[in-house]
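Residue-level listing of the chains:
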2 protein chains.
Amino acid sequence: MSEIKQTSTNFSNKSALSDECPEAYASTIIGGQWTLVICSWLLGGKLRFGELKKKLPNITERMLTLQLRKLEENMIVRRTVYAEVPPRVEYELTQIGYDLKPIIKELENWGDRHKKLTGQ
Amino acid sequence: MSEIKQTSTNFSNKSALSDECPEAYASTIIGGQWTLVICSWLLGGKLRFGELKKKLPNITERMLTLQLRKLEENMIVRRTVYAEVPPRVEYELTQIGYDLKPIIKELENWGDRHKKLTGQ
DNA sequence: CTCATTACTTACATTTTTTATAGTACCTAA
DNA sequence: TTAGGTACTATAAAAAATGTAAGTAATGAG
């Protein structure tokens, strides 16, 4: 996740697409496997690392960390560390993160309809 | 793309997530690198394989084929083959594919705002 | 017969994403 | 002194996605 080769064709393709197509740009930001689900949980309010982990039973701590870091880099999520022991870290959506709400809702809606249609 | 290991943790994680979270389900369907851009072009009407290729200058024929096949499998796109030589194949959105329109539009919107905000 | 056209397919290589497993620092409470 | 909780890190490996390069079928034009 952190080791992207800026010389690869894949990288330049993604960059070019992101430059020209804001929907592709958005997709690279919210496209991770756990990204939307994390955001979806955070729509309900701030959560600690461990709380998020409980909501996503199968995620590894590493993946959760990576996804949260990426979300933080992309300013979707704000991270607050409390200087306590044991540590307490809270995650919450920023404004632009919260702005994903209608998109997430529509995706849920569309997903449900698609499932019914295809009998999944 | 075609060789997904149904015994992998990744596969079972994705399945479980898709079962529970329609937004994650939707994301696995429209999450490919070129998927949304292809759909976005098709919103304007049916296009031939070669026409799509021209719209996406950097895509390889292999990737275009794979993405279109996946979209077809997922009933987002309808493929029509004309028995001519040289062959002619047309792609167009299905109803549920066309229903992605508002989502794509909102993603474009959100992407633009996000770009401005982060100075990309 | 040879060539051009179109929409692919195939085999393989590379890059990116995801998972597995085992740690770490810090303080508190027993 | 030891154990326990919290939010991580480090390293390796597996899996998935994407890219490269070459080839194919059919047929009509020349």
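Everything numeric here is computed off the predicted structure, so don't read it as measured data. (Residues numbered from 1 in each chain as written. Chains lettered and ligands numbered in written order. Predicted model: local features only at pLDDT ≥ 70, side-chain atom pairs only at ≥ 80, totals over all residues. Heavy atoms only, no water.)

Colleague: Please set out helix α7 (residues 101-118) of chain B residue by residue, giving values where relevant.
Modeller: With 18 residues, α7(B) extends 26 Å from end C-alpha to end C-alpha; this agrees with the ideal 26 Å at 1.5 Å per step. Regarding α7(B), the residues found buried are Ile103(B), Ile104(B), Leu107(B), Glu108(B), Trp110(B), Gly111(B), His114(B), Lys115(B) and Thr118(B). Looking at the packing, one finds that the buried side of α7(B) touches α1 (9-20), α2 (22-30), α6 (95-98) and α7 (101-118) of chain A together with α3 (35-42) of chain B. Looking one or two residues beyond α7(B), the residue adopting positive phi is Gly119(B), at roughly 65 degrees. (Helix = DSSP H or I, 4+ residues; strand = E, 2+ residues; numbered from the N terminus. Expected span 1.5 Å × (residues − 1). Buried < 20%, exposed > 50% of the residue type's maximum accessible area, 1.4 Å probe, protein only. Contact = heavy atoms within 4.5 Å.)

Colleague: Describe α2(A), naming the residues involved and giving the relevant values.
Modeller: Residue pairs three or four apart in sequence face the same way in an α-helix, which turns once every 3.6 residues. A large share of α2(A) lies buried, amounting to eight of its nine residues. Taken together, the buried positions of α2(A) are Pro22(A), Glu23(A), Ala24(A), Tyr25(A), Ala26(A), Ser27(A), Ile29(A) and Ile30(A). Next to the buried residues of α2(A) lie α1, α3 (35-42) and α5 (61-73) of chain A together with α3 and α7 of chain B.

Colleague: An account of the protein's contact with DNA strand C is requested, with residue identities and associated values reported.
Modeller: Within the structure, DNA strand C sits among 28 residues, and Arg62(A), Thr9(B), Glu61(B), Arg79(B) and Tyr91(B) are positioned closest to it. The sugar-phosphate portion of DNA strand C accounts for 71% of its atoms within 4 Å of the protein, the bases making up the rest. Contact between DNA strand C and Ser8(A): a phosphate oxygen at 2.9 Å from a side-chain N or O atom of the residue. In this structure, Gln33(A) approaches DNA strand C through a main-chain N or O atom, which is 3.0 Å from a phosphate oxygen. Put simply, the parts of the chain that give the surface near DNA strand C at least two residues each are α1 and α5 of chain A together with α1 (9-20), α4 (49-55), α5 (61-73) and β3 (88-93) of chain B. At four residues, the largest contribution of residues to the surface near DNA strand C is made by α5(B). Broken down by class, the residue content of the surface near DNA strand C amounts to ten nonpolar, nine polar and nine charged. (Near = heavy atom within 4 Å. Polar contact = N/O pair within 3.5 Å; in protein donor to acceptor, adjacent residues only side chain to side chain. Nonpolar A, V, L, I, M, F, W, Y, C, P; charged D, E, K, R; others polar.)

Colleague: Please set out the protein's contact with DNA strand D residue by residue, giving values where relevant.
Modeller: Contacts to DNA strand D come from 31 residues, most closely from Asn13(A), Glu61(A), Arg79(A), Tyr91(A) and Arg62(B). Within 4 Å of the protein, the atoms of DNA strand D are drawn from sugar and phosphate moieties in a proportion of 68%. Here a phosphate oxygen of DNA strand D sits 3.1 Å away from a polar atom, N or O, in the side chain of Arg69(A). In the model, a sugar or linking oxygen of DNA strand D is placed 3.0 Å from a nitrogen or oxygen of the Pro87(A) main chain. For the surface near DNA strand D, the secondary-structure elements that each account for two or more residues are α1, α4 (49-55), α5 and β3 (88-93) of chain A together with α1 and α5 of chain B. For the surface near DNA strand D, the element with the most residues is α5(A), which contributes four residues. When its residues are assigned to classes, the surface near DNA strand D shows eleven nonpolar, ten polar and ten charged.

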